[in-house]
Amino acid sequence: MNDFARTLRDAARSRLPEGAFLRRDRGDALYVTDAPLRGESVDWAAAGFICRENEGLARLTPSAIWLQRMESLCPEPPDPLCCSLRRFSGPPDDVALTLFARAMKRLDGGERDPRYARDLRQRAAVCLREHIPGGGLYACALANYMIEKERDL
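Since this is a predicted model, take the numbers as computed values, not measurements.

*Asks:* Looking at this structure, how should I read the overall build of the chain?
*Replies:* Regarding its fold elements, the chain presents six helices and four strands. Start at the N end of the chain and walk to the C end: the helices and strands fall as α-β-β-β-β-α-α-α-α-α. Relative to a compact globule of 153 residues, whose C-alpha radius of gyration would be 15 Å, the chain shows 15 Å and is just as compact. Principal-axis analysis of the C-alpha atoms gives the chain an extent of 45 × 35 × 25 Å. Burial analysis of the chain (153 residues in total) assigns 48% to the buried set.

*Asks:* Just to check I follow, could you spell out unusual backbone geometry for this structure?
*Replies:* Among all residues except glycine, the phi angle is most often negative; among peptide bonds, the trans geometry is most common. In the Ramachandran plot, Glu55 falls in the positive-phi region, its phi being about 55° despite a non-glycine side chain. When you line up the elements, Glu55 lands in the loop between strand S3 (49-54) and strand S4 (57-62). For Glu55, a relative accessible area of 76% puts it in the exposed group. Phi at His131 takes a positive value of approximately 55°, unusual for a residue other than glycine. Positionally, His131 belongs in the loop between helix H5 (116-130) and helix H6 (137-152). A residue is classified by how much of its surface remains accessible, and His131, at 72% relative accessible area, is exposed.

*Asks:* Help me out: how do you make sense of the packing of helix H4 (residues 94-107) against H6 in this one?
*Replies:* The description of two helices packed together rests on the angle between their axes and the distance between the axes. Axis separation between H4 and H6 bottoms out at 9 Å; the angle between their running directions is 15°. The angle between H4 and H6 places the two elements in the roughly parallel class. Every pair of crossing elements has a handedness; the one defined by H4 and H6 is left-handed. Between H4, through Ala96, Leu99, Phe100, Ala103, Met104, Arg106 and Leu107, and H6, the contact on the second element is made entirely by Leu137, Ala139, Cys140, Ala143, Met146, Ile147 and Glu150.

*Asks:* Honestly, the layout of surface pockets in this entry has me stumped. Any pointers?
*Replies:* If a probe the size of a water molecule is rolled over the atoms, the empty space left behind becomes visible. By volume, the largest pocket is sized at about 240 Å³. Along the walls of the largest pocket sit Arg24, Asp25, Arg26, Gly27, Asp28, Arg102, Lys105, Arg106, Gly110, Glu111, Arg112 and Asp113, which together make up its complete lining.

*Asks:* I keep staring at the nonpolar core and nothing clicks. Help me out?
*Replies:* Across soluble globular proteins, nonpolar side chains have a tendency to be buried as a group. In this structure, Trp44, Phe49, Met70, Phe100, Met104 and Leu120 are the most contacted members of the largest nonpolar core, which totals 46 residues. Of all elements in the fold, only helix H1 (3-13), S4, helix H2 (64-73), helix H3 (80-85), H4, H5 and H6 reach the threshold of two or more residues within this core. The element best represented in this core is H6, accounting for nine residues. If we skip the residues at most four places from it in the chain, Phe100 touches Phe4, Pro62, Trp66, Leu67, Met70, Tyr116, Ala139, Cys140 and Ala143.

*Asks:* What should I look at first to understand H4 in this one?
*Replies:* Helical geometry: 3.6 residues make up each α-helical turn, so side chains three or four residues apart lie on a common side. A rise of 1.5 Å per residue sets the reference length of H4, with its 14 residues, at 20 Å; its end C-alpha atoms lie 20 Å apart and thus fit the reference within 8%. Among the 14 residues of H4, eleven are classified as buried, and the element is accordingly described as predominantly covered. With a side-chain oxygen lying 3.2 Å from the backbone nitrogen of Val95, the N-terminal cap of H4 falls on Asp93. One or two positions beyond H4, positive phi appears at Gly109, with a value near 105°.

*Asks:* What's the story with H6 in this structure? I'm lost.
*Replies:* Counted at 1.5 Å a residue, the expected span for H6 with its 16 residues is 22 Å, and the 22 Å between its end C-alpha atoms agrees. Contacts made by the buried residues of H6 are with H2, H3, H4 and H5.

Criteria and cut-off values
Residues numbered from 1 in each chain as written. Predicted model: local features only at pLDDT ≥ 70, side-chain atom pairs only at ≥ 80, totals over all residues. Heavy atoms only, no water. Helix = DSSP H or I, 4+ residues; strand = E, 2+ residues; numbered from the N terminus. Rg over C-alpha atoms; globule rule 2.2 N^0.38 Å. Buried < 20%, exposed > 50% of the residue type's maximum accessible area, 1.4 Å probe, protein only. Axes fitted to C-alpha atoms, helices over the stretch in contact; angles between N-to-C directions. Parallel < 35°, antiparallel > 145°, perpendicular 65-115°, else oblique. Left-handed = near helix turned anticlockwise from the far one by under 90°. Contact = heavy atoms within 4.5 Å. 1 Å grid on protein atoms, 1.4 Å probe; cavity = no way out; pocket = protein on both sides within 12 Å on 5 of 7 lines; lining within 4 Å. Points joined across faces, edges and corners; volume = space filled by probe spheres on them. Core = buried A, V, L, I, M, F, W, Y, C linked by side-chain atoms within 4.5 Å. Expected span 1.5 Å × (residues − 1). Polar contact = N/O pair within 3.5 Å; in protein donor to acceptor, adjacent residues only side chain to side chain.

Functional significance is not addressed by these values, which are geometric in nature.
Structure follows, in structure tokens:
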């Protein structure tokens, strides 16, 4: 597990009520937990997560703070993809948050996502074509770099 992903998991785990589980989500979020069923209200925003509750489960997606932390780790782009997406730093939209969650799943020990880099490039192209700011895509590119670096080891 990558250090950044471990820090992210630890931040979520630190908010769990006793007995609650925390697992990688199979959908668009990063984690899923049964914390709402434990009867305690959890301030997920304070840990840097966007929480969507449904049927007793909370689905957690890293908020903009985590993407900003990722960007602050590498102010200079480490590879050509990051260099090309450097202009897309700043406040992320929902698409960037979902892309970031996908990368964090992999860095958290999840399955390889063979479409990730392609989807990231396609999102950047849409942002350029439609004049969308594309904030957060640089953080997603940095996460992709970490994935590629980990794969090469």
